[in-house]
Amino acid sequence: AVTAAAAAAAATATGEHLVPRVHLRSVPPLPLQDADQREALAALRETVRKSVARAGISLGEDEEAVLDDDLACCRYLVARGWAVPPAADMLHAALLWRGGRSPPG
């Protein structure tokens, strides 16, 4: 029997990956069932876009893809208990880091 570790090592050695790499733009929207969650997601995006604009920063294509991806944004909301302001701060800092900039403060 082949263990998961052995299969992963073999896949890495041959350049094959167990999980296919997917570009963020190809991921379908996350079907949020709760209206509060949909509102929080919309508020997160609006808050981050406003904070980026206030800082005079233009986001690159990769950063915009993260901001447009429901699942990526929901990760920040879940990490902060669906509280928009702390999730927006966290996402803003992550987008700056991804773009090679230093977060404010």
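Within each chain, residue numbers correspond to sequence positions counted from 1 in written order. Local features in this predicted model are restricted to residues whose pLDDT is 70 or higher, and side-chain atom pairs enter the listing and the counts only when it is 80 or higher, whereas totals over whole chains, interfaces and linings include all residues. In computing side-chain properties, one takes all heavy atoms of the structure into account and sets aside hydrogens as well as water.

All right, on to the overall build of the protein chain then. What counts as a helix is a DSSP run of H or I of at least four residues, what counts as a strand is a run of E of at least two, and both are numbered from the N terminus. The helix and strand inventory of the protein chain stands at 5 helices and 0 strands. Written out in order from the N terminus, the α and β elements of the protein chain read α-α-α-α-α. Exposure classes here rest on a 1.4 Å probe applied to the protein chains alone. A residue is buried below 20% of its type maximum, exposed above 50%, and partly exposed in between. Taken over 105 residues, the protein chain has a buried fraction of 28%. The contacts of the protein chain with a sequence gap of at least 6 include a subset with a gap of at least 24, amounting to 61%. Throughout, the Shrake-Rupley method with a 1.4 Å probe supplies accessible areas, and for residues the shown protein chains are the sole cover considered. Here the protein chain has roughly 7000 Å² of accessible surface; of this, 58% comes from carbon and sulfur atoms. Throughout, a residue-residue contact means that at least one pair of heavy atoms, one from each residue, lies within 4.5 Å.

This paragraph deals with the packing of helix α4 (residues 70-79) against helix α5 (residues 84-98). Axes, fitted as lines to C-alpha atoms, cover a helix only where it is in contact. Angles between the N-to-C directions of the axes lie from 0 to 180 degrees. Direction vectors running N to C along α4 and α5 enclose 130°, while the axes themselves pass 8 Å from each other. The angle between α4 and α5 places the two elements in the oblique class. For the element pair α4 and α5, the recorded crossing hand is right-handed. Of the residues in α5, those in contact with C73, Y76, L77 and A79 of α4 are V84, A87, M90, L91 and A94. Classifying every residue of the contact of α4 with α5 by side-chain character gives 9 nonpolar, no polar and no charged. When describing relative orientation, an angle under 35 degrees is termed roughly parallel and one over 145 degrees roughly antiparallel, while 65 to 115 degrees is termed roughly perpendicular and anything else oblique. Two helices that cross are described as forming a left-handed crossing if the nearer one is turned anticlockwise from the farther one by less than a right angle, and a right-handed crossing if clockwise. Amino acids are sorted into nonpolar (Ala, Val, Leu, Ile, Met, Phe, Trp, Tyr, Cys and Pro), charged (Asp, Glu, Lys and Arg) and polar (every other residue, Gly among them).

As a per-residue quantity, pLDDT reports the predictor's confidence and falls between 0 and 100. With 64% of its residues at a pLDDT of at least 70, the protein chain reaches an overall mean of 78. Ranking the elements of the protein chain by mean pLDDT puts helix α1 (residues 4-14) last, at 60, and helix α2 (residues 35-54) first, at 93. The low-confidence segment residues 17-24 (pLDDT under 50) makes 6 contacts with residues lying over four places distant or belonging to another chain.

Between Lys or Arg on one side and Asp or Glu on the other, a salt bridge is scored when a side-chain nitrogen of the former is within 4 Å of a carboxyl oxygen of the latter. Under the definition given, this model contains 4 salt bridges. Among the ionic pairs, E46 bridges to K50, the shortest N-O distance being 2.9 Å. With E46 and K50 both in helix α2, this residue pair falls 4 residues apart, about one helical turn. If you follow the salt bridges from partner to partner, you end up with R49, E64 and D68 in one network.

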